[in-house]
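Coordinate inspection notes
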Amino acid sequence: LLSADLFDSLSDMGDNSMALPLSSIANACRSIATVCEKGQTEILLSSLNGHNNVILVHSVRVAVYLALFGRSTGYSGGSLMALIMAGLLHDLGKIEIPFQTLNKPGTITFDDRKQMRNHVVCTIDMLERTPGMPHSVVVAATQHHERLDGTGYPQGLSGKEISAFARPLAIADVFCAMTDIRPYRAPKSKQAALLEMEEMKGAFDPSLFSVFKRLVTEESALIVPSEPIILQASQPVAAMP
């Protein structure tokens, strides 16, 4: 399902004004949707085990979870594809974050955090310069770190200011971040991640989080990687058939 050629092409686009290969990205999203429809998510997610790129693994996992999450909450057709695409591309701007910062094993400083948060701006730039990029994808990527209680970034939006597309993306992104394997820490279990997210009262849409929790708890195909991942300096971040 995954193509190194597309990953490489995306990783080369951070420092120039090229448009993203939207057709190839759309094909990737359709493939992810098909895999989920066929009940083969375990095969797809297992294929990520041991992959050497953290951003790639995280992005594909988020897209898969959103494919399942979207179908269970009424998304279909173009809206489902846009939701999956938002999951696949939401962290694209991290290809512009220095390797040393992105993979830092020690304490994260204020400057590190500021630099990391800038990935949202970088992502928006790459999405907006791509003709035909769905507006809902841009909005979701822009707002995926916003929280309903106003504690998120980059704009500190709250409540109804946060789009319907960004809300499920925020949930899937945080869950996958907690359960991803990173070179500098072990992943949380699904149960521990969900419990910690429950304790972030007011951060997430409660009705959507309830659906997501049920999905993760009941869907045996939703697995987490089981082998160490080593982040390399080359940082491709997307997928295609």
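This write-up is about the structure you can find in this document. (Residues numbered from 1 in each chain as written. Predicted model: local features only at pLDDT ≥ 70, side-chain atom pairs only at ≥ 80, totals over all residues. Heavy atoms only, no water.)

Moving on, we get to the packing of aromatic side chains. Considering all chains together, one arrives at six aromatic pairs under this definition. When the ring of tyrosine 65 is compared with that of phenylalanine 175, the centres are 5.5 Å apart and the planes differ by 50°; the resulting orientation is tilted. Remark: phenylalanine 175 occurs in helix H10 (residues 166-179) and tyrosine 65 occurs in helix H4 (residues 54-72); sequence separation between them is 110 residues. Classification of tyrosine 65 as buried rests on a relative accessible area of 1%. Aromatic ring contacts, followed pair by pair, group Tyr65, Phe69, Phe175 and Phe212 into a single cluster. (Phe/Tyr/Trp six-rings, centres within 6.5 Å; stacked < 30°, edge-to-face > 60°. Helix = DSSP H or I, 4+ residues; strand = E, 2+ residues; numbered from the N terminus. Buried < 20%, exposed > 50% of the residue type's maximum accessible area, 1.4 Å probe, protein only.)

With that settled, consider the packing of helix H5 (residues 77-89) against helix H9 (residues 135-143). As a packed pair, H5 and H9 sit with axes 9 Å apart at the nearest point and diverge in direction by 40°. Looking at the two axes, H5 sits oblique to H9. In this structure, H5 crosses over H9, and the sense of that crossing is right-handed. Facing Ala82, Met85 and Ala86 of H5, the residues of H9 in contact are Ser136, Val137 and Ala140. (Axes fitted to C-alpha atoms, helices over the stretch in contact; angles between N-to-C directions. Parallel < 35°, antiparallel > 145°, perpendicular 65-115°, else oblique. Left-handed = near helix turned anticlockwise from the far one by under 90°. Contact = heavy atoms within 4.5 Å.)

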